[in-house]
Structure formats: C-alpha cells, structure tokens
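Listed below, chain by chain, are the residues.
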Amino acid sequence: MNTPSRVTRRRLLKDTGLALLAVGSAPALSTPFISRAMADTRTLSVVQWSHFVPAYDKWFDNFAKDWGTKNHIEVTVDHIPVADVAARAAAEASAGSGHDLFGWNGAGGAHLYRKFLIDVTDLVESVEKKYGKITVIGRQIGYNQDDKTWSAFPDYYINFPVMYRKSLWDGIGMVPDTWDNVRIGGAKLKQKGNPVGISLGHSNDPNTTWRGLLWSYGAAFQDESGKHVVLDSKETVEAVKFVAALYKEAMTADVLSWSDASNNQYIDSGVSSLIINPISAYRTAQQLNKKVADDIFVMKPPKGPVRQIMGGAAEFYGIWKFAKNKEAALEFLKYYADNWVEAFKASSGYNNPIFANIVPKPMPLLSDDPTSTPHDKLSVLQTSDEWSAVPGYPGPAWPATDEIYNDFIVCDMMAKAATGAMTAEQSVKWAAQQCESIFDKWLHRA
Amino acid sequence: MVSIAEPIAKPASRYRFILDRRDVLGSIMVAPAILYVLLLVGLPFLLAVYYSVSAYTIYDPSWRFVGLSNFRQIVNNPVFQETLANTFLFTFGSQLLGLVLGKFGALLLMRPFPGRKIVRALIILPWAVPIALATVAWEWMFDSLYSVINWTLISLGIITRSEAPNWLGNPHLAMLCVIVVNAWRFFPFAVVIFLAGITSIPQDVIDAATVDGAGFWRRNYQIILPMIMPIVAVGLIFGIVFTFTDLSVVFLLTNGGPVGATSVLGFEGFQVGIVSGDVSHGAAISLFMLPVLFFVVIGMLRFIRRREI
C-alpha cells in the first residue's frame, strides 16, 4: 500500500525552484523564434488625442491601417483623452519606450521633448516644397530658432472663431465684432437669459481665448525674442479690467468651473448668446438641435483696441529617438501629407492646414457646406491664418511658455480679477511674478 | 533466491546547509519582499531626492547640483503656500468627515434590519468603483449647468435657479466638493475599521456600562471610542498618508480650480514635474510631503503605543 508522500520543506523548495526555472527560461528559449517572426512583420504604433470630431478618428484609423496593409506594416493607433497627452508623453520619454509616432495637442512637446525627438527638418522642407510655405503658426509649433531645425511635424491647428446666436444679436441690433460689443451686447442679452459663455476655468479653451484677448489689447506675456516677460504692462491691466467687466456684466459664475465641453453644451442647449470655440460646438448642434444650429453663425474673433487676433491650439507629430520604426513613421507622415485634403474633410473642416497650398481655396466644407444654412456660413474660417496665433505669440514657443500654459497662469490672472479676489493691478503683478520665476528657471537665471 | 540490493544512500545536497537552517531560509524567503520594497519604493525615493537637489528637467536632463534652491523657490511661491494650506484642509477635512460617517455607518450596520447583508456589501461600492468613473458621476452632480443636486433643490422649491450654488465654480464650495468626494471614497474603509473595532469589544463590558446607567452617547464616547482608538488611529494613518499624496479626485473633478482653490501638493507636483517637464521642482514639491507625513505618522504611532500600555 502506498503511503501518501510527505511534502517536506526541501521538496517544496526544489519543486518550486524547478517550476520557476522552467517559467523563467521560457522567454529565453523562445526568443529566437519570436524575434524572427517579429522581423517579418514591421510595425508602426501611433498615439494621439481622441478628436472632438469622432468621425475623424474613424477615418484616421482606417487610413493608417490601409497604408499599413499596402506597405506590409502592422499599424496600431491609440486614442487617449486630450487631458492625458502631456502625462503620456512624459511617461514615454522617461521610460525611453512607447509609440513610434506621438501626436501632441495644445502646448508642450516639440520644444520640451526636443532632445528625445528625431530631427524632421528634411520631412518638413520636402512637404513645404510640395505644398507651399509653412504658416507662421506652423513655424511657432515645431521650429527651433537656435539651430534652425524642426523637432516636430506640424499637422494642423484648431482655430477659435466667435459663434453667436444671430437671432438674439439681431434682436438687440448689435454685432459681436469687437470685444466692447461682446460686453455691451452680452450684458443686454444676459438680462434676457442668454449670457455670453467663455470659460474661466482650468482647461485648453480659456487658455487659448484669454491669450487672444490679451494680444488684441496689445499685451503679451513674452516679447518677440522669448527671453523677457512683458506681462506687467498697462495694456495687460486694461485687458484684465475688461475681463472683470465682461464677467460681471455679461456672464454667469458658471464659467469658473467649466471644462472644454461646457461652452459647447451651453450654446447647443439654446441658453448662450455667444461662445468662442472651434466649430465642433456648431457640428454638435447640427446633430442635437438643428434649429439652434441654423441660428448659430460664425465670425472672426472680436477686434480689440490694438489688433484682431485669437489663440489657436497646435497639433503636431513627433518621432521618438527610441522609436522602433522611425523610417515607417517618416514614410507614413509623407503619405499623410499627400492625402491631407481627405483629413481636412474627415474633420469636417475642424483641422486647419499649416502649409499654404495643401488645401487650395475655396476650401471644401468651409466655402460651401451642404449641411449648413446658408451654405457659406463657415467661409470666414478660410481666413483663420490671418487672425490666429499659438501660445508664445509674439515670440517662439519654448518650455517656459508651455509651463505658463499648463499652470493656467493667464486664466487665473483673469479669474482672480473677475471674482474680485484681487484688483486688476494686483492680479497682473501676481501673474507677472509667476511668469518671471518660470522664465528664470528655464533660462537658468534662478 | 533473489537478493535485494541495499538502498544506496543519496549524497547530501550541497544546498543542505541552507535548507536545514531556519534563519538562513527565513532571510531568503523574505528577500523578494525586501527587494521589492527597495526597488519600487526605495530607489524612486532616492531618485526623487536626487532630482529635487538638481536642475533636472525633461528639456535638459542634466544632473547639475543646485542644493536646496528648488525648495527655497517653491516655499517662496505664493501658489505653493496656498497649495500646502489646501492640502491640509483637504486631508484633514475629508478624514474627519469620513470618520464621522464611518462611525455612524458602523453603528447602523451593527443593528439587525432586513437586507443588512446587502447593505454591508453595497457599502463597499465607493471603494470598489474606479475613481475615474465615480468622479465623472460626481462631476455631473456638481455640474454648473446640469447639477442633479441643484435640479432637485429647484424642483422641490427650496431654491430658485438664480440661487443655485455653483458647486465647482465657487472656491469654498469647490473645496467642500473635493472633501466630500474623498470622504465618500474613504467612508467604506472607515466603516470596516469601526465595525472591526466595535465587534472586538467584549459584550459584557458594554452590558456592564448599560446596567450602570450609561446611555447611547456615553457608551459610545466614553467606552467604545476609547477602546477602539488604537485601531481607528491605524486606519487614520492609512487614510492621511493616502489622501495627502492623492491627486486623482482634484485632477478629475476640478483640475486644481477655480483659480487654484483646490490645488493640492500631489496635483501641483504632477503638474510641475510631469506635465510641465520641470522634474526637479516637481520632485521638491512632492518631497515636501515627506517630513509632514513623517511627523504625523510618528505622532500617531506614539499615541497608539501609549494607549496600548
């Protein structure tokens, strides 16, 4: 009769050791076979934000996969929330591993990570030769002034026109074409239950919009060289005073907690008389509330005392130095640029071209949009190069401008004065000090 | 006749000296855990210390030693001072609220009522639900345009639309909101701690107190609470450490706003160190939590030891 074997400490250790050895050696034994299989299939991985026009993501995924099939490359495209882009980039750069092609949104990236990105000067210049000169915005996005190189391929920018309810503004006999009119007319419409809706919270939209207002008053937080903070000026104080008045007279306290989607919801629900936002708000209204959508009209940003200008959000691709397939990433971007008109159409005119002739005017969907009433409602967007700039204007974008953007200093400067937490002068001083300390740090003056 | 061979004695294993010595074997067995802590906690900690005294940034990953200047700069920054104050308010506010709710939750769950088992299981939900998902729901409840709380209050005629609170837009209310959400997250843990503590008290002690004429409040605050204080303190240490270093609720609900009113150290360290790429200042902000937590934990552990004696 067999007696059940006793599990001794020694036996347990031996058996466990053998099992662990077997499991541990499996990858080493199988690696030669796996690497050969991997070598036969080339791969390209892309990560980018989840576009506010979902149809664009669908188009891009199919476009990338089709290109991969033609070139025997397995393409994977990951979409992440826009708020996670910066943290994901930091994680990939720190780990020295991640996607081959990284798509940035907003500030940061091209300049902050330039030591981790391959030089794409040849690519940008070849596309420039083919599709015309790169715009000022395009140059701000990815160009390094010090060594005249490109650390990122500027894909497109998102403009921020005025979107207003025509019937409401016609009702008071005004047009929101200047900032003063936005305040005066907005105050009248607020009395009727239709306030102006511009966020004073912490997100991309207010970061972009309030920069535009600052510039339109002749103020900025840095000079053209990008070496000096020039925020503490009478122009800035005037701009901040204006925002405080606009908030009190024409807006509600709701705007202090808004996310990027809130103003879209505000106008689409029929409450707001005016927002400043990319056309995704209008496109959403077309699907949710056709009556309101037909009443939403689009115009250039309001004129300020000095200029008519508005912030724009930069979108660009970088190729990591540690990317496994840099060649495929470069080839894909070339092919993508050659098919950019399709990308423009897929985004419903949301993505704005960076190269002068890449989408010849009249631009499809903007000049004559069959879904809009009237058909040329969006045609003013064709001129957005004239009235758009990206963070850093009038100087270059560099890590300090990105940090000022990420810390919401311009938004908080406006909000502190608007809520009465500080006077306009105090708020400007506070913001200028914050900018100074960031500049000192990045210029190694601290 | 068949002769049976004598079994050959196996040669002694060369590792026998290890396998037969309990002390050596014990060390070997515990080594992976120690290695795990050293690699995943110790090494990043040392790296953070090194980053905090250097000029290391993502843009310029050089290890130039700058001494304590990063700490000097952050301490002199009014935004950091406000953030530090917010962190204390957020941590101790949410812990206090969580403990009060936990205590009453535990007392209610001690009483028999129909469906008690289901309620006990459901009470764990705030802990089990992913924080991103839960915060989206809270965000909707506090939404400036579509707040379900405001909608209910307006529908009941308690307030008008113009009086409706702007939960996440008002600096004080926004802080209250992040405290409430964090207390809601901590609440199940507090309930479990209190339940464990209360059930460990011998029933005859409570019975004796009742016979002596102690009412509900006296029994709770003069007998039960002092007796379970050590276990509550351990739970509190856990809660304070995790809340003090947490950024998820603030990041998801308010993004530090409005006007920086809800920015806490974890969020600020993440914004500066990761999002803005200024790793050295981010590390300095994060490390600032260490001495604070150290003194809090030491103080509480001393308190527990004294209580046990």
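Quick caveat: nothing in here was measured; it's all calculated off a predicted structure.

1. Some words on the packing of aromatic side chains
Both the distance between ring centres and the angle between the ring planes are used here to describe each pair of aromatic rings.
Item 1. Taken as a whole, this structure holds 50 aromatic pairs over all chains when the rule is applied.
Item 2. Here B:F88 and B:F244 contribute two aromatic rings whose centre-to-centre distance is 5.4 Å and whose plane-to-plane angle is 75 degrees, an arrangement assigned as edge-to-face. A residue pair is termed long-range when its members are at least 10 positions apart, and B:F88 in helix 4 (residues 78-110) and B:F244 in helix 11 (residues 216-244) qualify at 156 residues.
Item 3. Chaining the aromatic ring pairs together yields one cluster made of A:Y56, A:W59, A:F60, A:F63, A:W67, A:Y317, A:F332, A:Y335 and A:Y336.
Item 4. A cation over a ring is seen here: A:R139 above A:Y143, with NZ or CZ 4.7 Å from the ring centre.
Item 5. The ring of A:F297 is capped by A:K166, whose NZ or CZ atom sits 5.6 Å from the centre of that ring.

2. Topic: the packing of helix 4 of chain B against helix 11 of chain B
Residue and element names in this part refer to chain B.
Item 1. Relative orientation of the contacting elements helix 4 and helix 11 amounts to 140 degrees, with a least axis distance of 10 Å. In this view, helix 4 runs oblique relative to helix 11, as classed from their interaxial angle. As helix 4 packs across helix 11, the resulting crossing turns out to be right-handed. Counting all contacts with helix 4, which are made through T87, F88, F90, T91, F92, S94, Q95, L99, K103, F104 and L107, the residues of helix 11 involved are F216, W217, N220, Y221, L225, V232, L236, G239, I240, T243 and F244.
Item 2. Partitioned by chemical class, the residues of the contact of helix 4 with helix 11 number 14 nonpolar, seven polar and one charged.

3. With respect to the pattern of salt bridges
All names here are of chain A.
Item 1. In the structure shown here, the tally under the stated rule is 18 salt bridges over all chains.
Item 2. Among the salt bridges present, the one from E128 reaches R139, with a minimum N-O distance of 4.0 Å. Highlighted residues: E128 in helix 4 (residues 121-131) and R139 in helix 5 (residues 136-142), separated in sequence by eleven residues.
Item 3. Ionic contacts of the salt-bridge type, sharing partners, join the residues R114, D146 and D147 into one network.

4. Structural notes on the side chain of B:N255
Item 1. Mapped onto the secondary structure, B:N255 falls in the loop between helix 12 (248-253) and helix 13 (265-275).
Item 2. Accessibility expressed as a relative area gives 19% for B:N255, which makes it buried.

5. Some words on the interface of chain B and chain A
Item 1. Taken together, the contacts link 40 residues of chain B with 38 residues of chain A.
Item 2. Summing both partners gives a buried area of about 3,400 Å² for chain B against chain A, and 58% of it is carried by carbon and sulfur.
Item 3. Taken together, the connections running from chain B to chain A amount to two salt bridges.
Item 4. Where A:K441 meets B:D278, a salt bridge forms, and the shortest distance between an N and an O atom there is 2.6 Å.
Item 5. If you look at where chain B meets chain A, you find eight residue pairs in polar contact (both at pLDDT 80 or more).
Item 6. For the side of chain B that touches chain A, the element with the most residues is helix 13 of chain B, which contributes five residues.
Item 7. For the side of chain B that touches chain A, the class distribution of residues is 18 nonpolar, 14 polar and eight charged.

6. Here's the deal with the layout of surface pockets
The probe, sized like a water molecule, is rolled over the atoms to show the empty space still left.
Item 1. Considered as a void within the structure, the second largest pocket measures approximately 780 Å³ in volume.
Item 2. Around the second largest pocket, the lining comprises 26 residues; the ones closest to its centre are B:P44, B:A48, B:G282, B:A283 and B:S286.
Item 3. When residues of the lining of the second largest pocket are traced back to their parent elements, those giving at least two are helix 3 (85-95) of chain A together with helix 2 (22-52), helix 13, helix 14 (279-287) and helix 15 (289-308) of chain B.
Item 4. When its residues are assigned to classes, the lining of the second largest pocket shows 18 nonpolar, eight polar and no charged.

7. So, the nonpolar core
Item 1. Ranked by size, the top nonpolar core spans 148 residues in total, and within it A:F60, A:Y113, A:L200, A:W210, A:W320 and A:Y336 carry the most contacts.
Item 2. A total of nine residues in this core trace back to one element, the largest contributor, which is helix 17 (residues 424-442) of chain A.
Item 3. Each residue touching A:F60, except ones within four places of it in the same chain, is listed here: A:V46, A:Q48, A:V77, A:Y317, A:F332 and A:Y336.
Item 4. Residues B:F189, B:L236, B:F244 and B:L287 belong to the second largest nonpolar core, which totals 39 residues.

8. Considering the sheet that holds strand 7 (residues 162-165) of chain A
Residues and elements named next belong to chain A.
Item 1. Across the sheet, which stays open at both edges, the three strands sit in the order 8-7-9 with antiparallel pairing between neighbours. Sheet topology places strand 8 (274-276) and strand 9 (296-299) at the edges, where each strand pairs with a single neighbour. In this sheet, adjacent strand axes meet at a mean angle of 20 degrees when their direction is disregarded.
Item 2. Relative to strand 8, strand 7 runs antiparallel, the two being bridged by three bridges.

9. Here we look at the sheet that holds strand 2 (residues 73-80) of chain A
Residue and element names in this part refer to chain A.
Item 1. Here five strands make up an open sheet; going across it, the order is 2-1-3-11-6 and the pairing mixed. Whereas interior strands pair on both sides, the edge strands pair on one side only; in this sheet they are strand 2 and strand 6 (153-158). Going across the sheet, the axis of each strand differs from the next one's by a mean of 15 degrees, ignoring polarity.
Item 2. Note that strand 1 (residues 42-49) and strand 2 share eight bridges and pair parallel. The residue bridging V46 from the neighbouring strand is V77, located in strand 2.
Item 3. Across the sheet, helix 3 lies against strand 1, strand 2 and strand 3 (101-105), angled at about 145 degrees from strand 3, the strand it touches most.

Reading guide: rules and limits
- Residues numbered from 1 in each chain as written.
- Chains lettered and ligands numbered in written order.
- Predicted model: local features only at pLDDT ≥ 70, side-chain atom pairs only at ≥ 80, totals over all residues.
- Heavy atoms only, no water.
- Phe/Tyr/Trp six-rings, centres within 6.5 Å; stacked < 30°, edge-to-face > 60°.
- Helix = DSSP H or I, 4+ residues; strand = E, 2+ residues; numbered from the N terminus.
- Lys NZ or Arg CZ within 6 Å of the ring centre and 35° of its normal.
- Axes fitted to C-alpha atoms, helices over the stretch in contact; angles between N-to-C directions.
- Parallel < 35°, antiparallel > 145°, perpendicular 65-115°, else oblique.
- Left-handed = near helix turned anticlockwise from the far one by under 90°.
- Contact = heavy atoms within 4.5 Å.
- Nonpolar A, V, L, I, M, F, W, Y, C, P; charged D, E, K, R; others polar.
- Salt bridge = Lys/Arg side-chain N within 4 Å of Asp/Glu carboxyl O.
- Buried < 20%, exposed > 50% of the residue type's maximum accessible area, 1.4 Å probe, protein only.
- Buried area = accessible area lost by both parts, 1.4 Å probe.
- Polar contact = N/O pair within 3.5 Å; in protein donor to acceptor, adjacent residues only side chain to side chain.
- 1 Å grid on protein atoms, 1.4 Å probe; cavity = no way out; pocket = protein on both sides within 12 Å on 5 of 7 lines; lining within 4 Å.
- Points joined across faces, edges and corners; volume = space filled by probe spheres on them.
- Core = buried A, V, L, I, M, F, W, Y, C linked by side-chain atoms within 4.5 Å.
- Pairing = 2+ DSSP bridges.

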